[in-house]
Amino acid sequence: MELHVFWFVLLALMLMAYAILDGFDLGVGLVLNLLAKSEDEKRTFLDSIAPLWDGNEVWLVCFGGAFFGAFPDAYAAAFSGFYLPFMALLAALLLRAVAMELRNVESWPWWRRLWDVALGLACLLTSAVAGGILANALQGVPLGVHHEFTGTLAGLATPLAGLMGFKTVMLFALHGTLYLRLRVAPGPLRARIERAGWILWIVYLLSFTAVQLYVWNNVFWAYTSLAHLTLARLAMGLKVALMLGCGLALAHKRPAVAFLLSAANIACLAFLYACLLFPNLIASHSDPSLNLTIYNASSTLGTLSTMRWVALAGMPLALAYTGTVYWVFRARVKTPED
Amino acid sequence: MDVVFLSRLQFAMTIMFHYLFPPLTIGLSVLMVAAEGMYLKTGNRCYRSVARFWTRLFGVTFAMGVATGIVNQFQFGTNWAAYARYVGDIFGTALASEGIFAFFLETGFFGVVVFGWNRVSPRFHFFCTFMVMVGGLFSSIWIVIANSWMQTPAGYTIVGTGLDARAHVTDFWAMVLNPSSVDRLVHVWLAAFVLGAFFSLAISAWYALRGKHPETTPIMLKLGLVYAALACTLVMISGDSSARLVAVHQPTKLAAFEGHFDTGTGRSPFALFGYPDAREKKLRYAVEIPWLLSVLTYHSLEDKPVAGLDQTPQQDWPPLPMAFYTFHVMAFLGVYMATVAYLGLFFRWRGTLQRQRWLLVLIMLGGPAAFVANEAGWVAAEVGRQPWIVYGLLRTSDAVSEAVNASHVLSSIIMFLGIYFLMGLLWLYTLRRRVLDGPEPVAPPPADPGLAAGWLASVVDRSEASLEP
């Protein structure tokens, strides 16, 4: 595979892995205050992600490092251009970590409530901002001739950013709920989780439809080449099938299948997004010749090639470690452990 | 206030906060491997108890390191976009390797080490602890190589000019093994070992002073003292070697460390104290040891001066008092810790350490000293490089993001202050609680399922701590 394309694909895969894995951590945080009523229930929720979220976040760190290395000009333009959104993202990621732990420092009800709400807000902010940033990269932002961002913060607050932010929140909430359905033992809590799963499934379908309608009507005109249109259409079809399958699995009480289909749905979403974006990394909103593409924003071929060897050697190992941890902690929460 | 100053302030603040944690986890992981290995070898459950105790403190710290690490990586893009474009080709491989090789290794096995005591066999657990140590050491390799390239660039060529200038790799291994990489990496590792050793010693010395945990405290003191004495000895040797490299590749930096203004003739003196006055161009209130700087630099008694600041135009000088004081604080604390470690080992060998309360107090003070020395060393290294962000190639003032203004950075600084304050309190609080709990008794009571939750609290093994009063 051509090196620039290889790195585009690998970055998309890393972001996809992050969305699938940390997606359910964020989702658990999103629904924590809505579904878990008692302290025990909250602990069940938090215990289900405690040993995993740290490792899941590494996919984001890895994505950031590889993005910097493979496409430094796009990395610089995106991160400095979206300065405040990225700072909000960092604040939210830090706040999530802090809140999950601070809640356990004291047992006063108001204290726990405070940090649980903070955790929920942190997860909300993370998901919404991530969706908004992706929307802007797709839709195009003002770019200068030296590959720098020339727009303003207010210019980033577009309708599509809002829509995709909302959709991402719903996506992760659904994903997290399906994860909880899998990890929580039978009982009233699980029944509540199941009902919430249905509601989120419907809201997610609606919000996804809204985003697609907006994208196909308002964004596609900006692209001169739609060579990937067929692929994008296929991905759309597959996505709809996966979502329907997810609903069927919920109805037939097959939580593992439902969760896996939800993960596949996120993968499909990443693929769809990559199809729409390729070969751009960040589009210019006015002049296609200023687009930051995988060719004009990349490192040298030599570096891309060295990095490819690093990735080919390292990624199988990374997957092996991740697999080991998930295997060791596969048991359901609240089953006897020791 | 301008955006360069604020961006530097923010980077200094966030990286210094971050740097409290990784060297500590690297230093502690070596102790954990040692204690767990001793347990497997001897079957003495005291070692297991000690290993589990260090692992709990490690867990608290590790999570903080991961959370604060993302911030630094993102800042290369958010605040230093011009720099990110300039060095992207060089940094690329380093940062990608760091993530792919080291972070997955570390966090993957970390989960098993901290949460998996009762889920995997002791041998597999030991293997996981060992892999966490390896992951920690790996993770420091790539970032130190990237930083070393900023100090002593090699294996590159500059393509383009002005805003379009980029450093491109021409020789990968020359870039990786640039003149200062290996020396600086070794120095960073050894300094992390010193921190791990004195962190553990400070806690054990406190237990010894209070007469707590009589079964495990002597073991912790013994492991800690041997570790500290070794690490302190090696770190001084590596420091000497690093300083000589600085003399060759960054003479201005060494002159700033030493407040050495005039090259003069004959052997240069080593300044113990003083105030480097950039306006008067002299070291005021100086207390100097004649000859010593030349002797240390050249490792000979040859009659030869060390290059002073007068060899460099003044606009290329780093901020002098900062470079001078941080370097001296690091060096003095290094000597202090080495002295304390040797004394501790001596009295331990005589078997009278428990009675030397003055020494136990001095050992305890080594804990904070090790943190300060690690931070001061990095500040000296980075401030001494100024006004360059890439030595001799790119000025720090040319490296900031064009799209970011001062009010943006000010607001993110306030945000980080708030969150880091909370995180710092949380870390101290959790450490305090773990230290007050101490190592578990060697014959454990029957398991009682606790209710721990959350990423730090779950670090306490479920069988031994419930957070509810």
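### Here's the deal with the overall build of chain B
A tally of helices and strands in chain B yields 13 helices and six strands. Taken over C-alpha atoms, the radius of gyration comes to 24 Å for chain B, in line with the 23 Å a tight globule of 469 residues would show. Considering only C-alpha atoms, chain B reaches an extent of 70 × 50 × 40 Å along its principal axes. In chain B, 75% of the contacts between residues at least 6 apart in sequence involve partners at least 24 apart.

### A closer look at the overall build of chain A
Looking only at helices and strands, chain A has eleven helices and two strands in total. Counting from the amino terminus, helix and strand elements in chain A follow one another as α-α-α-α-α-α-α-α-α-α-β-β-α. Taken over C-alpha atoms, the radius of gyration comes to 20 Å for chain A, in line with the 20 Å a tight globule of 338 residues would show. Referenced to the eigenvectors of the C-alpha coordinate spread, the extents of chain A come out at roughly 60 × 40 × 35 Å. Per-residue burial for chain A yields a buried fraction of 55% across its 338 residues. If you take every contact in chain A between residues at least 6 apart in sequence, the share linking residues at least 24 apart comes to 78%.

### Comments concerning the pairing of strand 1 (residues 156-159) of chain B
Residues and elements named next belong to chain B. Summarising the sheet, strand 1 and strand 2 (residues 166-169) pair through four bridges and their orientation is antiparallel. Across the sheet, Thr157 pairs through a bridge with His168, a residue of strand 2. The turn joining strand 1 and strand 2, which pair antiparallel and follow one another in sequence, is formed by six residues; a positive phi near 85° is taken by Gly160.

### Let's talk about helix 10 (residues 255-277) of chain A
Helix length check: helix 10 of chain A (23 residues) gives 33 Å between terminal C-alpha atoms against 33 Å at 1.5 Å per residue, within 8%. Taking burial as the measure, the 23 residues of helix 10 of chain A include 19 buried ones, the bulk of the element.

### Things to note about the interface of chain A and chain B
Each side of the interface is counted separately: chain A has 69 residues, and chain B has 69 residues. Of all elements in the fold, only helix 2 (39-49), helix 3 (53-70), helix 4 (72-81), helix 5 (83-102) and helix 11 (301-328) of chain A reach the threshold of two or more residues within the side of chain A that touches chain B. The residue inventory of the side of chain A that touches chain B, partitioned by class, reads 41 nonpolar, 18 polar and ten charged.

### Re the environment of Leu102(A)
Mapping Leu102(A) onto the fold places it in helix 5. Along the primary structure Leu102(A) and Arg112(A) are separated by ten residues, whereas in three dimensions their C-alpha atoms are 8.3 Å apart.

### Re the pairing of strand 4 (residues 282-289) of chain B
Summarising the sheet, strand 3 (residues 270-277) of chain B and strand 4 of chain B pair through six bridges and their orientation is antiparallel. Bridge pairing in strand 4 of chain B links Phe270(B) to Ile289(B).

### Some words on unusual backbone geometry
For the bond running from Gln386(B) to Pro387(B), omega is 0°, close enough to zero to count as cis. Relative to the helices and strands, Pro387(B) resides in the loop between helix 12 (357-383) and strand 5 (388-390). The phi dihedral of Lys253(A) falls on the positive side, at around 55°, and the residue is not glycine. Turning to its location among the elements, Lys253(A) is positioned in the loop between helix 9 (229-251) and helix 10. Among the residues examined, Lys253(A) registers 10 C-beta atoms within 10 Å and is labelled exposed.

### Looking at the confidence of the model for chain A
On average, chain A scores 83 in pLDDT, and the residues at 70 or more come to 94%. A low-confidence stretch, residues 334-338 of chain A stays under pLDDT 50, and its non-local contacts, those more than four residues away or across chains, total nine contacts.

### Some words on the nonpolar core
With 277 residues, the main nonpolar core has Val194(B), Phe198(B) and Ala228(B) as its most contacted residues. Setting aside residues up to four positions removed in sequence, Val194(B) forms contacts with Ala228(B), Ala231(B), Cys232(B), Val235(B), Met337(B) and Ala370(B).

### Thoughts on the confidence of the model for chain B
All names here are of chain B. With 94% of its residues at a pLDDT of 70 or more, chain B shows a mean pLDDT of 84. Helix 10 (residues 292-298) is the least confidently modelled element of chain B, averaging 77 in pLDDT, while helix 7 (residues 181-210) averages 93, the highest of any element. Two summary scores accompany this predicted model of the complex, namely pTM at 0.86 and ipTM at 0.81.

### Here's the deal with the packing of helix 11 of chain A against helix 4 (residues 81-115) of chain B
One way to put it is that helix 11 of chain A packs onto helix 4 of chain B with a least axis distance of 9 Å and a crossing angle of 10°. Taken together, the axes of helix 11 of chain A and helix 4 of chain B are roughly parallel relative to one another. Residue composition of the contact of helix 11 of chain A with helix 4 of chain B, by class: 15 nonpolar, ten polar and one charged.

### A look at the environment of Leu89(A)
All names here are of chain A. Relative to the assigned elements, Leu89 resides in helix 5. With 22 C-beta atoms packed within 10 Å, Leu89 lands in the buried category. Once the C-alpha coordinates of Leu89 and Cys123 are considered, the two residues, 34 residues apart in sequence, prove to be 9.6 Å apart. With residues up to four places along the chain from it excluded, the contact list for Leu89 reads Thr126, Val129 and Ala130.

Cut-offs used in this document
Residues numbered from 1 in each chain as written. Chains lettered and ligands numbered in written order. Predicted model: local features only at pLDDT ≥ 70, side-chain atom pairs only at ≥ 80, totals over all residues. Helix = DSSP H or I, 4+ residues; strand = E, 2+ residues; numbered from the N terminus. Rg over C-alpha atoms; globule rule 2.2 N^0.38 Å. Contact = placed C-beta atoms within 7 Å. Buried ≥ 20, exposed ≤ 12 C-beta atoms within 10 Å, placed from the backbone. Pairing = 2+ DSSP bridges. Expected span 1.5 Å × (residues − 1). Nonpolar A, V, L, I, M, F, W, Y, C, P; charged D, E, K, R; others polar. pLDDT = per-residue confidence, 0-100. Core = buried A, V, L, I, M, F, W, Y, C linked by C-beta atoms within 7 Å. Axes fitted to C-alpha atoms, helices over the stretch in contact; angles between N-to-C directions. Parallel < 35°, antiparallel > 145°, perpendicular 65-115°, else oblique.

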